[in-house]
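# Structural overview
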Amino acid sequence: SGCASSIGCDTIAGMKLVVQKFVEDSLSGAEYSYDKSVGQWVGWIKTFPGIYAQGDRVELVRQELAEKVEEHLLLNLREKRNVKGLDFKFDLVHA
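The following refers to the structure shown. As the structure is a prediction and not an experimental result, all values here were calculated from the model.

## Re the sheet that holds strand 3 (residues 52-55)
With respect to topology, 3 strands assemble into an open sheet ordered 1-2-3, the strand pairing being antiparallel. One side of each edge strand has no neighbouring strand; the edge strands of this open sheet are strand 1 (30-35) and strand 3. Pairwise comparison of adjacent strand axes, ignoring direction, gives a mean angle of 20° for this sheet. As defined by bridge partners, strand 2 (residues 40-45) adjoins strand 3 across 4 bridges and the pair is classed as antiparallel. The residue bridging Val42 from the neighbouring strand is Gln54, located in strand 3. Its contacts with the sheet put helix 2 (residues 58-78) on strand 1, strand 2 and strand 3, and the angle it makes with strand 3 is roughly 150°.

Calculation criteria
- Residues numbered from 1 in each chain as written.
- Predicted model: local features only at pLDDT ≥ 70, side-chain atom pairs only at ≥ 80, totals over all residues.
- Heavy atoms only, no water.
- Pairing = 2+ DSSP bridges.
- Helix = DSSP H or I, 4+ residues; strand = E, 2+ residues; numbered from the N terminus.
- Axes fitted to C-alpha atoms, helices over the stretch in contact; angles between N-to-C directions.
- Contact = heavy atoms within 4.5 Å.

Dropping the structure here:
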């Protein structure tokens, strides 16, 4: 099996691990609370103002938070913005 990417399989695998670790580290600071007024769990991460999630179960809230943190990270990387808590630089050159 070959790698169809011009970036390289090792680089892609490394990038995926960095993103996964960033998301997991971010979720370690998540807080959850049951909101009786809406009958759902809510979750947020203080280091990511504006990112919150709600759902019927804590695990669903956690999954939604993970997706939002990953989107936040990837958007900032695409825009070449520094990301607080990310100690890795992607230096990708597109041909």
